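Listed below are the residues making up each chain.
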Amino acid sequence: AILKLSTSFLQTPASQSTPHLYTSILATELATNPDVPASWTNYFWQLPQLHCTGVRSQTAILTVIHAQSVNFFVAFSPDSSKVISNSPDDFSPSIWDVSTGEEVQRLRGHTDFVRSASFSPDGTRVVTGATDRSVRIWDLATGKEAQILEGHTDMFNSVAFSFDGKHIVSGSDCDIRIWNACTGEEVQRRDQATAVNSVAFSPNGICIASGSDDGLVHIWDMSTGEVQTLEGHTDGVESVIFSPDGK
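Predicted model, so just to flag it, every value in this text is computed and none were measured.

J.: How should the environment of H110 be read in this particular structure?
T.: With respect to the helices and strands, H110 occurs in the loop between strand 4 (103-106) and strand 5 (114-119). For H110, a relative accessible area of 6% gives the class buried. Each C-alpha atom, one on H110 and one on D132, is 6.9 Å from the other, the two residues being 22 residues apart in sequence. Of note is the side chain of H110, whose polar atom sits 2.7 Å from the side chain of T128.

J.: How should unusual backbone geometry be read in this particular structure?
T.: Trans peptide bonds make up the majority, and among non-glycine residues the majority have a negative phi. Its identity as a non-glycine residue notwithstanding, S80 has a phi of 65°, on the positive side. Along the chain, the position of S80 falls in the loop between strand 1 (73-76) and strand 2 (82-86). The phi dihedral of R133 falls on the positive side, at around 75°, and the residue is not glycine. Along the chain, R133 turns up in the loop between strand 6 (125-130) and strand 7 (134-139).

J.: Where do I start with the pairing of strand 6 in this structure?
T.: The side chains of a regular strand alternate, first on one face of the sheet and then on the other. Within strand 6, 6 of the 6 residues are buried, which leaves the element mostly enclosed by the surrounding structure. Across the two faces of strand 6 the burial is the same, with R125, V127 and G129 and V126, T128 and A130 all buried. Relative to strand 6, strand 5 runs antiparallel, the two being bridged by 5 bridges. If you follow A117 over to strand 6, its bridge partner there is T128. Between the antiparallel neighbours strand 5 and strand 6 lie 5 residues, among them G123 with a positive phi of about 75°. Counting the residues between successive antiparallel strands, the hairpin from strand 6 to strand 7 contains 3 residues, one of them, R133, with a positive phi of roughly 75°.

J.: Help me understand the confidence of the model for the chain, please; the structure alone is not making it clear to me.
T.: Residues shown with low pLDDT carry predicted positions that ought not to be read at fine detail. On average, the chain scores 82 in pLDDT, and the residues at 70 or more come to 75%. Low pLDDT, under 50, characterises residues 16-23; the stretch is placed with 6 contacts to residues that sit more than four places away or in other chains.

J.: Where do I start with the environment of P93 in this structure?
T.: Assignment of secondary structure puts P93 in the loop between strand 2 and strand 3 (94-97). Given a relative accessible area of 0%, P93 falls into the buried group. Sequence separation between P93 and H110 is 17 residues; the distance between their C-alpha atoms is 9.2 Å. If we ignore the near neighbours within four places in the chain, the residues touching P93 are I84, S85, N86, Q105, R106, L107, V114 and T128.

J.: Can you help me understand the nonpolar core in this one?
T.: In globular proteins that are soluble, nonpolar side chains generally tend to be buried together. Core analysis: the largest hydrophobic core is formed by 12 residues, namely F73, A75, I84, I95, L107, V114, A117, F119, V126, A130, W138 and L140. Elements represented by at least two residues in this core include exactly strand 1, strand 5 and strand 6. Ranked by residues supplied to this core, first place goes to strand 5 with 3 residues. If we ignore the near neighbours within four places in the chain, the residues touching I84 are F73, V74, A75, P93, S94, I95, L107, A117, F119, V126 and T128.

J.: Sorry if this is basic, but what is going on with the sheet that holds strand 8 (residues 144-150) here?
T.: Paired through backbone hydrogen bonds, the strands of a sheet run either parallel or antiparallel to each other. In space, the 4 strands of this open sheet follow the order 5-6-7-8, with antiparallel pairing throughout. Pairing within the sheet leaves two strands with one partner each, and these edge strands are strand 5 and strand 8. Each strand axis lies, on average, 20° off the axis of its neighbour in the sheet, ignoring direction. Sheet topology note: the strand 6/strand 7 ladder contains 5 bridges and is antiparallel. Bridge pairing in strand 7 links V126 to W138.

J.: Please clarify how the pattern of salt bridges should be interpreted in this entry.
T.: Should their charged atoms come close, side chains of opposite charge can pair. Inspection of every chain in the model, using the stated rule, returns 7 salt bridges. R177 is the partner of E186 in a salt bridge, and the nearest nitrogen-oxygen pair spans 2.8 Å. A salt bridge links R189 to D191, with the nearest nitrogen and oxygen atoms 3.0 Å apart. Looking at R189, the relative accessible area reads 44%, which means it is partly exposed. Given the relative accessible area of 53%, D191 is considered exposed. The network of salt bridges with common partners includes D175, R177, E186, R189 and D191.

J.: What am I meant to see in a negative patch on the surface here?
T.: Taken together, D213, D214, D235 and E238 make up a surface patch of like negative charges. Overall, the relative accessible area of 36% leaves D214 in the partly exposed class.

The rules behind the values
- Residues numbered from 1 in each chain as written.
- Predicted model: local features only at pLDDT ≥ 70, side-chain atom pairs only at ≥ 80, totals over all residues.
- Heavy atoms only, no water.
- Helix = DSSP H or I, 4+ residues; strand = E, 2+ residues; numbered from the N terminus.
- Buried < 20%, exposed > 50% of the residue type's maximum accessible area, 1.4 Å probe, protein only.
- Polar contact = N/O pair within 3.5 Å; in protein donor to acceptor, adjacent residues only side chain to side chain.
- Pairing = 2+ DSSP bridges.
- pLDDT = per-residue confidence, 0-100.
- Contact = heavy atoms within 4.5 Å.
- Core = buried A, V, L, I, M, F, W, Y, C linked by side-chain atoms within 4.5 Å.
- Axes fitted to C-alpha atoms, helices over the stretch in contact; angles between N-to-C directions.
- Salt bridge = Lys/Arg side-chain N within 4 Å of Asp/Glu carboxyl O.
- Patch = residues over 30% accessible without salt bridge, like charges linked within 9 Å, V, L, I, M, F, W, Y side chains within 5 Å.
- Areas by Shrake-Rupley, 256 points an atom, 1.4 Å probe, with all protein chains shown as cover.
- Lys, Arg positive; Asp, Glu negative; His and termini not counted.
- Charge placed at Lys NZ, Arg CZ, Asp CG, Glu CD.

See the structure below:
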């Protein structure tokens with residue numbers, strides 16, 4: 001059910017749409033797919049309840065990837081041809097061919113489990129961050145480490161490339177750091193009072209959004225240093241993302 005939903009949204013023009021289309025796809029999937037556990041509806045109680053007649057599930061499963069254990073994270077490459085994943089039982093993320101479900105690369109080098117990964121916009125590099133407190137950039141042509149970015153002193157949680165591929169943002173239990181993706185140098189840093197669970201660049205590369213354990217979302221303008229705080233969550237924020245137009 002998760003793969004069918006992600007295929008419907010991430011691998012079609014719908015991924016460039018406004019959020020309401022994603023909500024429509026999710027509501028339709030819950031209404032038309034008998035494989036979706038009934039308990040899932042409890043997590044999406046604010047979605048409209050659809051009753052469909054004569055409507056079949058919109059897609060079939062394309063590929064099943066057999067990982068060794070539960071995946072800690074997954075991320076698609078920009079062209080949707082590959083997926084990177086990792087589990088808490090392994091320190092080396094796997095890259096899979098989406099069309100065949102076969103493992104095509106293992107990224108070996110971290111000394112503790114990898115918590116987050118992101119493909120570069122051109123799909124030639126991957127950045128990973130792990131509990132060993134290092135951020136590593138990988139050259140996918142060789143499968144080797146291109147750079148190791150060190151500086152975090154606490155538990156690492158999230159990493160992302162900028163949309164132009166020139167910078168990397170990483171978030172830990174105590175700070176957010178911006179790195180030059182070419183030189184590996186740290187270019188900016190912002191200390192946080194609580195753990196940062198997720199970070200994301202705006203499409204124009206000027207702002208960074210972060211979600212943290214205190215239930216707050218912060219939007220940091222890197223050009224001015226100004227920070228906007230979004231309140232309303234009643235528990236920790238686990239994931240953040242900008243809309244395609246950044247507004």
